[in-house]
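Single-letter residue listing:
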Amino acid sequence: MIAIPIHDTILLPDVTFFFKKETFEDWEVEALSVGDEIVFAFLKDEPEYDREETEEKERPEDLMELVYPVGVRARLEAIDNEGNLKIRTRNRVDILSLTGQESGLVEAVAVDRPDVQDMPGEEQAQRFDQLRKDYLNFVKMYQWGLWARGLILQWKNIYELICSMSPYFSITWDEKVAILMEDRISERYRLIEQAAYEFIEMARVHNEAENLQQRENENIYRENALKKQIEILQNELDEMHPENISDVRQFQKKIEESGMNDTARKEADKVLNRMKQEGQNGHEYGMLYDYLDFVTSLSWKKPEAEDIDLTYAEEVLDEDHYGMKKVKERILQQLAVMSLRKEQSGSILLFVGAPGTGKTSIGQSIAKALGREYVRISLGGIRDEAEIRGHRRTYIGAMPGRIMEGIKRSGVSNPVVVLDEVDKLAKDYGGDPASALLEVLDPEQNFSFTDHYMNVPYDLSNVFFICTANQVDTIPEPLLNRMEVIEFPGYTELEKESIAKKHLIPKAYEAMGIKKSQLRISASAVRKVITEYTMESGVRGLKKRMEGICRHAAVRLVKGEKKLSVTPANLKEYVDGHGIHRDKVEKKTVPGIVTGLAWTAAGGEILYIETKKVGGNGQVIITGQLGDVMKESVSIALSLVKDRFPKETEDLSKVDLHIHVPEGAVPKDGPSAGITLTTALSSLFTGKKVDPTIAMTGEVSLRGGVMPIGGLTEKLMAAVRAGVKTVFIPKDNVEDLEEVPEEIRKELTITPVSAVSEVLRLTGILG
């Protein structure tokens, strides 16, 4: 039999086909005659070759690899005058081989492939009739349905349906061949029905989508026409009933009454016009509404000059905060200047100190003293510049920056704004928030601060800005230069006791619902809590302890006890956990160990520097998680000791020098351990002990000078707590002693030093 390869045309048994002669022009079918048997072989892929260039690709052995193993036997029934073929398929066959002939035809060896008759003929007829009926109903919805109806009525079986419709079905060539290769009649019917009904459903969905789109377009045209009519009617109603005024009219009124500057007024009017054109159902209506709502909610009017009662302000500060004499004096000075000039003036205040020392709460007191609104804005962890300047309105979800959001929240243009934790601003790919803050705080610029969201200038010169920080090391220099640093020293134990009595205990009573007559906390119990259960410069931890005592008391009162008293003897019954371990100076010491003083975020601490020589080859081992600054101090100290004691240090190449700062899990850094390191190394190499009740703080230079340090008050407090008797401080820090409470200075012998040689002599290392 002659084999004719075809592709992407599904042929099934018992179907008559008409082919144009061009369909088989590559296979020399001119030699065929009416009545010849034909085997249709189905190519796996569409042939892509040129007869003139690659004759090898026509070899039969190559065709066997390109065709599916199952084909269809057919008979050539007629050839018309133009060479077109009429072919009737008969049954499926398994193709065993293909052999080429000189005429260019391909000879096929094939055997019949029987069907598995697992479906009665009656059921086959019923399913075909149902499918044809469904197609007749389907084509009724189309204009070409009458023509299609005639074609459908000519189908004699389900195979004619799939063969005539397969070019329109969304099934692959492999899926088409799978229908032919299926032996079971029932499964073959299922595959045909699946493809046929999928086509019907897809056509219906497509038709419904087109109709829906058409209806939506009609609705849009109708809606636009109605909007215009509604707008005309709404304008008339607004004039007749002002109480039912529309959003647009409301914003018009707010803009007129807001007192905006010219630039802001033009921008607001521009946005309002866009809002009118957009309509309430417009995509941008919500964004435009939010913008106008924000800018009209701001207070644009310049406040009148205010009279400041300094006496009242002083009373408020004294009532709300105990101690802090220098801080209060500086605040009163600022208020006095404002009172004289009748405007916001003076430096931007930066309150620096340990947590719990009252930096943030004193901002509330200033607002109370001035009779202004108070706003707190936390800057901790901000990485994106947009948090300060706002987002541009072109971005989805754009919002104003925290500064303008705070101004809006206050409802006035001259609030007291506390920018909390300014030292914790971060910097990354989102920009530099600290740089954005420059425009906010600089009096030369903030009269025309422009938030990206607002896109218009706003006058911040009437705002009383106060910044807070735990330390100034992480604040960029340009930003720090625009602020005046006011140190908040840690509280002494006596001050903490007074704060607890006047503020913390009454507030804890109120928070827990306890009456003063029901619970008494003795002064000695408060002192014990301060010394044994808290370790901080501020009073935040003490506040938590007082609240904890009140919670324990509340349980007892609810259970029936009438009157409670907290004393040192029963304090453990009222506090949670164990007391805090505090470092105390050693009673005995060995050469190479010296007591230093350090500043931490929680206040001051004593810091032991331990040094030791061990067998080795001249390495310097540093442990205790020291930062880069302290490691540099080690190098400087070692150079000074080698220079001062050349004979004692000549064997360094034969030993390793180990320097350790205890509490290895706690990172340590800072420029104040220089003289402690130098003294410890000098003690080690000379073999002379240093009195453990002597502590010291100060950085050193390569010339042997002692340089000033910070945090002196906290360090001296730590010295008193640890039992230190004598403290060496840099001579340049003598003026800072005025800030140290007198009760701390009375407990210590404070010796200013200006050179390392003085320290070594006073400690007995040098004769």
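Everything quoted here is computed from the prediction, not taken from an experiment.

Peer 1: Which residues make up the pattern of salt bridges, and what values go with them?
Peer 2: As enumerated under the stated definition, the model contains 28 salt bridges in all. The salt bridge involving R113 is made with D183; its shortest N-O contact spans 2.8 Å. Of this pair, R113 sits in the loop between β6 (106–112) and α2 (121–138) while D183 sits in the loop between α5 (173–181) and α6 (185–240), and the two are 70 residues apart along the sequence. With a shortest N-O distance of 2.9 Å, D115 and R188 are connected by a salt bridge. With a gap of 73 residues between them, D115 in the loop between β6 and α2 and R188 in helix α6 connect regions that are remote in the sequence. Given the relative accessible area of 30%, D115 is considered partly exposed. Each of R92, D94, R113, D115, D183 and R188 takes part in a single network of salt bridges with overlapping partners.

Peer 1: Break down the side chain of T763 for me, with residues and values.
Peer 2: Structurally, T763 is set in the segment after α24 (756–762). Looking at T763, the relative accessible area reads 9%, which means it is buried. In terms of polar contacts, T763 uses its side chain to reach the backbone carbonyl oxygen of V759, at 2.8 Å. Non-local contacts of T763, meaning those with residues more than four positions away in its chain, are made with T679, K689, V690, M696 and F728.

Peer 1: Can you explain the sheet that holds strand β8 (residues 374–378)? Please cite residues and give values.
Peer 2: Spatially, the 5 strands line up as an open sheet ordered β8-β9-β12-β7-β13, and their pairing is parallel. Both edges of this open sheet fall to β8 and β13 (483–488), since each of them pairs with a single strand only. On average, each strand axis in the sheet is tilted by 25° relative to the strand beside it, whichever way the strands run. Across the sheet, helix α12 (residues 359–370) is in contact with β7 (348–353), β8, β9 (416–420), β12 (464–469) and β13; its angle to β12 comes to roughly 165°.

Peer 1: Can you tell me about the pairing of β6, naming the residues and giving the values?
Peer 2: The sheet contact formed by strand β1 (residues 2–6) and β6 spans 2 bridges and is antiparallel. Of the residues in β6, the one forming a bridge with I2 is E107. As judged from the 7 bridges shared by strand β5 (residues 85–100) and β6, these two strands associate in the antiparallel manner. Residue pairing in the sheet places D94 in a bridge with V111 of β6.

Calculation criteria
Residues numbered from 1 in each chain as written. Predicted model: local features only at pLDDT ≥ 70, side-chain atom pairs only at ≥ 80, totals over all residues. Heavy atoms only, no water. Salt bridge = Lys/Arg side-chain N within 4 Å of Asp/Glu carboxyl O. Helix = DSSP H or I, 4+ residues; strand = E, 2+ residues; numbered from the N terminus. Buried < 20%, exposed > 50% of the residue type's maximum accessible area, 1.4 Å probe, protein only. Polar contact = N/O pair within 3.5 Å; in protein donor to acceptor, adjacent residues only side chain to side chain. Contact = heavy atoms within 4.5 Å. Pairing = 2+ DSSP bridges. Axes fitted to C-alpha atoms, helices over the stretch in contact; angles between N-to-C directions.

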